[in-house]
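Architecture at a glance
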Amino acid sequence: QVQLVESGGGSVQPGGSLRLACTTSGFIFSSYAMDWYRQAPGKQREFVATISNLARHTNNADSVKGRFAIPRDNAKNTIYLQMNRMEPEDTAVYYCHSRLGSHDYWGQGTQVTVSS
C-alpha cells in the first residue's frame, strides 16, 4: 500500500524559513521522481518543485526559484522542501506527490501559513 505522509507545516513570519518532510512507504522510493505541489485558498493546486529519483535533476516553479530546495534521502524514503525567504504568497496546503506508472499518489497535505 503506497503511503505519502507530509509533516513540518506551521506558521512563520515573512522572511522566515520552514522545512517540510514527506515520508513514504509501499514502493521502491529510489526508483521514482517526487514532487511538491501546493494549493492556496480559492486557487488551483500548482506545481512547486520536482526531483529525479537519484537526485541528479531538480526543477522549481518560477515563483520559488532561488528560495526553495527539494532534497531527498533515499535511505530514509523521504523528500523535503526547504523553504527560505518565505512570503505571504507561499501560504497554502502543501502536498507531496509521485506518479507510479499510470497512478498518481498524494499525501494528505500540510498547512503552511506565512503572516506577520
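Note that the coordinates shown come from a computational prediction; the quantities given were computed from them, not determined experimentally.

**Topic: the overall build of the protein chain**
- For the protein chain, the helix and strand inventory stands at 0 helices and 12 strands.
- Over its C-alpha trace the protein chain gives a radius of gyration of 13 Å, about what one expects of a compact globule, namely 13 Å for 116 residues.
- In terms of principal-axis extent, the alpha carbons of the protein chain reach across some 40 × 25 × 20 Å.
- Within the protein chain, the proportion of its 116 residues that are buried is 42%.
- Of all intrachain contacts in the protein chain linking residues separated by at least 6 positions in sequence, the fraction that spans at least 24 positions is 53%.
- Working note: accessible area of the protein chain is about 6,200 Å², and carbon and sulfur atoms make up 46% of it.
- Seen as two clouds, the 11 positive and the 9 negative side-chain charges of the protein chain have centres 5 Å apart.

**Details of the packing of aromatic side chains**
- Applying the stated criterion across every chain yields a total of 5 aromatic pairs.
- Centre to centre, the rings of Y37 and W106 are 5.1 Å apart; their planes meet at 70°, and the pair counts as edge-to-face. Placement of the pair is Y37 in strand 4 (residues 34-39) and W106 in strand 11 (residues 103-106), with a sequence separation of 69 residues.
- A relative accessible area of 21% means that Y37 is categorised as partly exposed.
- Aromatic side chains Y95 and W106 sit 6.4 Å apart centroid to centroid with 90° between the ring planes, which places their arrangement in the edge-to-face category. Note that Y95 is positioned in strand 10 (residues 92-100) and W106 in strand 11, a separation of 11 residues in sequence.
- For W106, a relative accessible area of 34% corresponds to the partly exposed category.
- Three or more aromatic residues joined by ring pairs make a cluster, and in this case those are Y37, F47, Y95 and W106.
- Above the ring of Y95, the side-chain terminus of R45 is found at 3.7 Å from the ring centroid.

**Description of the environment of F47**
- Mapped onto the fold, F47 is located in strand 5 (residues 46-51).
- Here the alpha-carbon distance between F47 and S31, two residues 16 residues apart in the chain, equals 21 Å.
- With near-sequence residues (within four places) excluded, F47 lies in contact with W36, Y37, N59, N60 and A61.

**Some points on unusual backbone geometry**
- In the Ramachandran plot, A55 falls in the positive-phi region, its phi being about 65° despite a non-glycine side chain.
- Within the fold, A55 resides in the loop between strand 5 and strand 6 (58-60).
- One non-glycine residue with positive phi stands out, namely R85, at about 45°.
- Following the sequence through the fold, R85 ends up in the loop between strand 9 (78-83) and strand 10.

**Things to note about the pairing of strand 12 (residues 110-114)**
- By the alternation rule, side chains of strand 12 split into T110, V112 and V114, which are all buried, and Q111 and T113, of which none is buried.
- Looking at chain direction, strand 2 (residues 10-12) and strand 12 are connected through 3 bridges and run parallel. Across the sheet, the residue bridging to G10 is V112, located in strand 12.
- When strand 10 meets strand 12, the two strands line up antiparallel, connected through 3 bridges. Of the residues in strand 12, the one forming a bridge with Y94 is T110.

Definitions and cut-offs
Residues numbered from 1 in each chain as written. Predicted model: local features only at pLDDT ≥ 70, side-chain atom pairs only at ≥ 80, totals over all residues. Heavy atoms only, no water. Helix = DSSP H or I, 4+ residues; strand = E, 2+ residues; numbered from the N terminus. Rg over C-alpha atoms; globule rule 2.2 N^0.38 Å. Buried < 20%, exposed > 50% of the residue type's maximum accessible area, 1.4 Å probe, protein only. Contact = heavy atoms within 4.5 Å. Areas by Shrake-Rupley, 256 points an atom, 1.4 Å probe, with all protein chains shown as cover. Lys, Arg positive; Asp, Glu negative; His and termini not counted. Charge placed at Lys NZ, Arg CZ, Asp CG, Glu CD. Phe/Tyr/Trp six-rings, centres within 6.5 Å; stacked < 30°, edge-to-face > 60°. Lys NZ or Arg CZ within 6 Å of the ring centre and 35° of its normal. Pairing = 2+ DSSP bridges.

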